[in-house]
Amino acid sequence: MDTVGSGQELECKELTTADQLSAAVPVMRVLRPHLEPSDEAIVRRLRCQMEQGYRLLALRRGTDILALAGFRIQENLVFGRFLYLDDLVVAIDARKQGHAETLLAAVREIAITSGLDVLALDTALTNTGAQRVYHRAGYETVAYHLIQRLDR
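Cut-offs applied
Residues numbered from 1 in each chain as written. Predicted model: local features only at pLDDT ≥ 70, side-chain atom pairs only at ≥ 80, totals over all residues. Heavy atoms only, no water. Helix = DSSP H or I, 4+ residues; strand = E, 2+ residues; numbered from the N terminus. Expected span 1.5 Å × (residues − 1). Buried < 20%, exposed > 50% of the residue type's maximum accessible area, 1.4 Å probe, protein only. Arc of directions from axis to C-beta. Contact = heavy atoms within 4.5 Å. Patch = residues over 30% accessible without salt bridge, like charges linked within 9 Å, V, L, I, M, F, W, Y side chains within 5 Å. Areas by Shrake-Rupley, 256 points an atom, 1.4 Å probe, with all protein chains shown as cover. Salt bridge = Lys/Arg side-chain N within 4 Å of Asp/Glu carboxyl O. Axes fitted to C-alpha atoms, helices over the stretch in contact; angles between N-to-C directions. Parallel < 35°, antiparallel > 145°, perpendicular 65-115°, else oblique. Nonpolar A, V, L, I, M, F, W, Y, C, P; charged D, E, K, R; others polar. Core = buried A, V, L, I, M, F, W, Y, C linked by side-chain atoms within 4.5 Å. Left-handed = near helix turned anticlockwise from the far one by under 90°.

**Details of helix α3 (residues 99-113)**
Helix length check: α3, at 15 residues, gives a terminal C-alpha distance of 21 Å against a target of 21 Å (1.5 Å per residue), a fit within 8%. Every buried residue of α3 is accounted for by His99, Ala100, Leu103, Leu104, Ala106, Val107, Ile110 and Ala111. The arc that holds the buried residues of α3, viewed along the axis, is 160°, so those residues lie on one side. Considering only its buried residues, α3 is in contact with β1 (10-15), β2 (55-61), β3 (64-76), β4 (80-90), β5 (119-121) and α4 (128-136). The first or second residue beyond α3 is glycine 115, which carries a positive phi of 75°.

**Structural notes on a nonpolar patch on the surface**
Taken together, the side chains of Leu125, Tyr144 and Leu146 present a nonpolar region at the surface, about 460 Å² in accessible area. Among the residues examined, leucine 125 registers a relative accessible area of 66% and is labelled exposed.

**As for the environment of leucine 103**
Relative to the helices and strands, leucine 103 is located in helix α3. Accessibility expressed as a relative area gives 0% for leucine 103, which makes it buried. Spatially, the C-alpha atom of leucine 103 lies 9.7 Å from that of valine 90, the residues being 13 residues apart in sequence. Apart from residues lying up to four places away in sequence, leucine 103 is in contact with Cys12, Leu57, Ala58, Leu59, Ala67, Leu68, Ala69 and Leu88.

**Section: the packing of helix α1 (residues 18-31) against helix α2 (residues 39-51)**
Any two packed helices are characterised by how steeply their axes cross, that is the angle between the axes, and by the distance between the axes. Two elements in contact, α1 and α2, have axes separated by 9 Å at closest approach and are oriented at 110°. The orientation of α1 relative to α2 falls into the category roughly perpendicular. In this structure, α1 uses Ala18, Leu21, Ser22, Val25 and Arg29 to contact α2, whose residues at the interface are Asp39, Ile42, Val43, Leu46, Arg47 and Met50. Tallied by class, residues from the contact of α1 with α2 come to seven nonpolar, one polar and three charged.

**A word on the nonpolar core**
With 42 residues, the main nonpolar core has Leu15, Leu56, Leu57, Leu68, Leu85 and Leu88 as its most contacted residues. Mapped onto this core, the elements with two or more residues apiece are β1, α1, α2, β2, β3, β4, α3 and α4. Element by element, the count of residues in this core is highest for α3, at seven residues.

**A short note on the packing of α3 against α4**
At a minimum axis separation of 10 Å, α3 and α4 run at an interaxial angle of 45°. Considering the angle they form, α3 stands oblique to α4. Note that α3 runs across α4; the crossing there is right-handed. Residues Ala100, Glu101 and Leu104 of α3 touch α4, and the partners they reach there are Val133, Tyr134 and Arg136. Looking at the contact of α3 with α4 residue by residue, the class counts come to four nonpolar, no polar and two charged.

Below, the structure written as structure tokens:
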């Protein structure tokens, strides 16, 4: 899985420790710039999500995190049990090298080995680049995800 001339192989690894999650924060901020300014607060939020079944895969070269995929297995009346992809992000300087596709394939394999029939995700209507990646990977647009912001 090595790219030409890189000198180091790519590794897909699930992140579980606080140190691993801390190392992932700069890449996650690319996707989620609105998150708390404190790295520790983001790690706490990730740990809380992990208590609810969230898992985080990192595509790494050595110690460098190139891309992340955060997901969880859920169940609802629409799909039954399915894998929901919460987060997919590639570091800015690692884009257009197939890293998103590599992580999508890894998550797909987890879904298959878990006996699931559906992978689902949401992406912004304006994120046409990601939509192209997802369509090339076999995803289809089947619904709109609607939200209502609550005034407090």
